[in-house]
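# Architecture at a glance
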Amino acid sequence: MHQVTQELVISTKRIWTGRIISALPVLLLAFSAIGKISQSAEVLQGMAHYGYAVQFTVPLGILELLVAVIYAIPRTSFFGAILVTGYLGGATATNVRLGDPLFIVPVLVGALAWVGLYLRDTRLHTVIFKVRRAAFE
């Protein structure tokens, strides 16, 4: 049986829109990571507010920076999006536990990561629609 694969062609505007949207989570994560790694007074105060021990500040910052870098590299961006979702899921859970109404911010940043990836990566588009078509066959 011969299987024909079609390469999805996406416009340059869509790719650049995806790149710009993807840059937002990368920049937010990098900015947050730098604050953690440098152990600024505001970040240490925030860590105490969220109930995290100060000794976890730098390791969390390094982890956050690694997640952002893995997401930013095109070859590893899908895996990076999964890691971004997991990291931000922890942030969401922390905010919900404290009753912080801004728990929606990490959710939105995670959504931006996936929307940006969807717009700039044809592989994700192909996988989503292949699964969707298979469900209706």
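Please refer to the structure placed before this passage.
Residue positions are given per chain, counting from 1 as you read along its sequence in written order. Given that this is a predicted model, residues contribute local features only at a pLDDT of at least 70 and side-chain atom pairs are listed and counted only at 80 or more, while totals for whole chains, interfaces and linings are drawn from all residues. Only heavy atoms go into the side-chain values, all of them from the structure, while hydrogens and water stay out.

### Quick notes on the overall build of the protein
Put simply, the rule is: We count a stretch as a helix when DSSP gives it H or I for four or more residues in a row; a strand needs E for two or more, and each element gets its number in order from the N terminus. When a residue's accessible area, from a 1.4 Å probe over protein chains only, is under 20% of the maximum for its type it is buried; when over 50% it is exposed; and in between it is partly exposed. Any two residues having at least one pair of non-hydrogen atoms within 4.5 Å are treated as being in contact.
When helices and strands are counted, the protein shows 6 helices and 0 strands. Along its sequence from the N terminus, the protein presents helices and strands in the succession α-α-α-α-α-α. Residue burial in the protein is summarised as follows: out of 137 residues, 29% are buried. Summarising the internal contacts of the protein: among those between residues at least 6 apart in sequence, 64% fall at separations of at least 24.

### Some words on helix α3 (residues 57–72)
Quick note on the threshold: Under the convention used throughout, the expected extent of a helix is 1.5 Å for every residue step, that is, one less than its residue count. The arc in question is formed by the directions pointing from the helix axis toward the C-beta atoms.
An ideal rise of 1.5 Å per residue puts 22 Å on 16 residues; α3 measures up with 22 Å between its terminal C-alpha atoms. What α3 keeps buried is the set Thr57, Gly61, Glu64, Val67, Ala68 and Tyr71. Projection of α3 onto a plane perpendicular to its axis shows the buried side chains occupying an angular sector of 125°, all on one side. In the core, the buried residues of α3 are packed alongside α1 (12–38), α2 (41–50), α4 (77–97) and α5 (104–120).

### Brief notes about the packing of aromatic side chains
The following threshold applies: Only rings of Phe, Tyr and Trp enter the pairing, Trp through its six-membered ring, and a pair is recorded when the two centres are within 6.5 Å. The plane angle decides the type: under 30 degrees is stacked, over 60 is edge-to-face, the rest tilted. Charge over a ring is defined by NZ of Lys or CZ of Arg lying within 6 Å of the ring centre and within 35 degrees of the ring normal.
For the structure shown, the criterion picks out 1 aromatic pair. Aromatic side chains Phe78 and Trp114 sit 5.7 Å apart centroid to centroid with 85° between the ring planes, which places their arrangement in the edge-to-face category. Residue Phe78 is located in helix α4, and its partner Trp114 is located in helix α5; the two are separated by 36 residues in the primary sequence. Across the ring face of Trp16, the terminal group of Arg19 is positioned such that the distance to the ring centre comes to 4.7 Å. Taking the ring centre of Tyr71 as reference, the NZ or CZ of Arg120 above it sits at 5.1 Å.

### Considering α1
Since there are 3.6 residues in each turn of an α-helix, residues three or four apart along the chain are aligned in direction. For α1, spanning 27 residues, the distance from its first C-alpha to its last is 38 Å, which sits close to the expected 39 Å at 1.5 Å a residue. Every buried residue of α1 is listed here: Gly18, Ile21, Ser22, Pro25, Val26, Leu29, Ala30, Ala33, Gly35 and Lys36. Residues of α1 that are buried make contact with α2, α3, α4 and α5.

### Notes on the pattern of salt bridges
Applicable threshold: By convention in these notes, a salt bridge is any Lys or Arg side-chain nitrogen within 4 Å of a carboxyl oxygen on Asp or Glu.
For the coordinates displayed, the defined rule picks out 2 salt bridges. One salt bridge connects Glu64 with Lys36, and the closest N-O pair in it is separated by 3.0 Å. Note that Glu64 is positioned in helix α3 and Lys36 in helix α1, a separation of 28 residues in sequence. Overall, the relative accessible area of 4% leaves Glu64 in the buried class. The exposure class assigned to Lys36 is buried, which follows from its relative accessible area of 11%. Residue Asp121 pairs with Arg123 through a salt bridge whose shortest N-O separation is 2.7 Å. Judged by relative accessible area, which is 47%, Arg123 ranks as partly exposed.

### Description of the nonpolar core
Let me state the cut-off plainly: Residue types Ala, Val, Leu, Ile, Met, Phe, Trp, Tyr and Cys, when buried and joined through side-chain atoms within 4.5 Å, form a set referred to as a nonpolar core.
Ranked by size, the top nonpolar core spans 13 residues in total, and within it Leu29, Tyr71, Val84, Leu88 and Leu117 carry the most contacts. For this core, the elements supplying multiple residues, two or more each, are α1, α3, α4 and α5. Per element, the largest residue contribution to this core is 4 residues, and it comes from α4.

### Quick word on the packing of α1 against α3
Any two packed helices are characterised by how steeply their axes cross, that is the angle between the axes, and by the distance between the axes. Heads up, the condition is: Each axis is a line fitted through C-alpha atoms, taken for helices only over the stretch in contact, and angles between the N-to-C directions span 0 to 180 degrees. When describing relative orientation, an angle under 35 degrees is termed roughly parallel and one over 145 degrees roughly antiparallel, while 65 to 115 degrees is termed roughly perpendicular and anything else oblique. Helix crossings fall into two classes, left-handed where the near helix is turned counterclockwise from the far one by less than a right angle and right-handed where it is turned clockwise. Amino acids outside the nonpolar list (Ala, Val, Leu, Ile, Met, Phe, Trp, Tyr, Cys, Pro) and the charged list (Asp, Glu, Lys, Arg) are all regarded as polar, and Gly is one of them.
Two elements in contact, α1 and α3, have axes whose closest approach is 8 Å; the angle formed by their N-to-C orientations is 160°. Classified by the interaxial angle, the pair formed by α1 and α3 is roughly antiparallel. In this structure, the crossing between α1 and α3 has a hand that is left-handed. Contacts between α1 and α3 pair Ser22, Val26, Leu29, Ala30, Ser32, Ala33, Lys36 and Ile37 from the former with Thr57, Val58, Leu60, Gly61, Ile62, Glu64, Leu65, Val67, Ala68, Tyr71 and Ala72 from the latter. A breakdown of the residues in the contact of α1 with α3 according to their chemical character gives 13 nonpolar, 4 polar and 2 charged.

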